[in-house]
Every structure is written in C-alpha cells, then in structure tokens.
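An overview of the molecular structure
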Amino acid sequence: RYIGDWSSDVCSSDLTTSLFVFKSLFKTNNDVVLKVTDIAYRRDKTFICLSMVNNSTVDYDVNFIQFNKISKKASKRSNYQAIEIPPLIESSFNTFERIASGESQKAVYVFEKLALDSNKLINIELNELRGERNIVLPVTHRHINNPNL
C-alpha cells in the first residue's frame, strides 16, 4: 500500500487500524500469534505492521524483536548468516513491550527502503523475556517488494 502524506504518527496510526491482513503471514507458539497485517511504502521508508495476540493465560514480556535478512536456502540449514535490519525506533509506533494474557496489540516498525533479491527473505524474530515462547516469522521478497496498493 502506498501512503499519501508521510508523518510517522499519522501514517503509523492509519496502518494499525487497517483491516487488511496477509492471511499466510503468521506464526503461532503456545497460543501466542504473530501476524504481518500490512506492508506499506512511502518516501523511501518501508512500514511493516504487526499484530500480536496472546491467547495464553500468561503475560508475554518481549525481550526483543529483531528483523534479519537471510538467504532462503540458508534458512533451512542450522547455521547461516543473518544480517540485522534495525528499525527506525524514533519513527516506529506502538512497539511491542508486554502483551497481557488474552490481549492483542498492533505495532508499526519503520525502516529505510527495503527491497530484497528473490533468494532472500526477512525473518522477524520475537523473543520472550524469561520464557521460551519465541517466534520466527519469515517474510518473502514478494511481500516486501510488492507492498499493498
């Protein structure tokens, strides 16, 4: 999706209220669901909108969320090189910290322009603080290079 006027707060809040969801872009681990709900591009910035749902009875405290660029073939091996792609924290909106039991939350992470070769993908890694409900969600070049229109 191409965003009209770019302002971090306005743009990001618009994206969190979007009803569009990539049906195939989600991962679940012990009743915790991480979904990519939208990907947008505007003025050399890529916006990745995520939704997290905690259907478990235990709160989920986020240790970190990391975005790594890797080779598709390497993702199937136990050892591979991952290149971290840091979000622009000052431009990101509602970043994940704690999701209470039975709650859901949306966040928008903003990056410098992202474009991937066809043999690369981005792994979104969500790591739980003092827990083991970690989630790795792969996002292919098709989704990154062709944001919703």
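Residues numbered from 1 in each chain as written. Predicted model: local features only at pLDDT ≥ 70, side-chain atom pairs only at ≥ 80, totals over all residues. Heavy atoms only, no water.

Observations regarding the overall build of the protein chain
On a plain count of helices and strands, the protein chain comes out with two helices and nine strands. Starting at the N terminus and walking to the C terminus, you meet the elements of the protein chain as α-β-β-β-β-β-β-β-β-β-α. Here the protein chain holds 149 residues, and 46% of them are scored as buried. When the accessible surface of the protein chain is totalled, it reaches about 8,200 Å², and 47% of it is carbon and sulfur. (Helix = DSSP H or I, 4+ residues; strand = E, 2+ residues; numbered from the N terminus. Buried < 20%, exposed > 50% of the residue type's maximum accessible area, 1.4 Å probe, protein only. Areas by Shrake-Rupley, 256 points an atom, 1.4 Å probe, with all protein chains shown as cover.)

Points about the nonpolar core
Leu50, Phe67, Phe96 and Ile124 are the most contacted members of the largest nonpolar core, which totals 27 residues. Among the secondary structure elements, those contributing two or more residues to this core are β2 (32–42), β3 (45–54), β4 (60–71), β7 (104–112), β8 (120–128) and β9 (135–140). Contacts of isoleucine 124, omitting those with residues within four sequence positions, involve Leu34, Val36, Ile48, Leu50, Ile65, Gln66, Phe67, Ile135, Val136, Leu137 and Val139. Of all hydrophobic cores here, the second largest spans seven residues; its members include Ala40, Cys49, Val108 and Val110. (Core = buried A, V, L, I, M, F, W, Y, C linked by side-chain atoms within 4.5 Å. Contact = heavy atoms within 4.5 Å.)

Digging into the sheet that holds β3
Pairing is antiparallel across the open sheet formed by four strands, whose spatial order is β1-β2-β3-β7. The two strands at the open ends of the sheet, each matched to only one other strand, are β1 (26–29) and β7. On average, adjacent strands in this sheet sit at an angle of 20 degrees to one another, irrespective of strand direction. Bridge count for β3 against β7 is nine bridges, and the pairing is antiparallel. (Pairing = 2+ DSSP bridges. Axes fitted to C-alpha atoms, helices over the stretch in contact; angles between N-to-C directions.)

Some words on the environment of arginine 130
With respect to the helices, strands and loops of the structure, arginine 130 is situated in the loop between β8 and β9. Among the residues examined, arginine 130 registers a relative accessible area of 74% and is labelled exposed. When the C-alpha positions of arginine 130 and valine 62 are compared, they lie 9.1 Å apart, and in sequence the two are 68 residues distant.

Here's the deal with the confidence of the model for the protein chain
Summarising the model, the protein chain shows a mean pLDDT of 83, and 78% of its residues fall at 70 or more. The low-confidence segment residues 1–8, where pLDDT is below 50, has 30 contacts with residues more than four positions distant or belonging to other chains. (pLDDT = per-residue confidence, 0-100.)

So, the environment of leucine 121
By the element assignment, leucine 121 lies in strand β8. In this structure leucine 121 comes out as buried when scored by relative accessible area, which is 7%. A sequence separation of 17 residues divides leucine 121 from proline 138, and the C-alpha atoms of the two residues are 6.6 Å apart.

Topic: the pairing of β2
Within β2, nine of the 11 residues are buried, which leaves the element mostly enclosed by the surrounding structure. Following β1, the chain reverses through two residues before pairing antiparallel with β2; asparagine 30 in that reversal takes a positive phi of roughly 50 degrees. Pairing between β2 and β3: 10 bridges, direction antiparallel. Bridge pairing in β3 places isoleucine 39 opposite isoleucine 48. The antiparallel hairpin formed by β2 and β3 contains two residues in its connecting segment, where arginine 43 sits at a positive phi of about 45 degrees.

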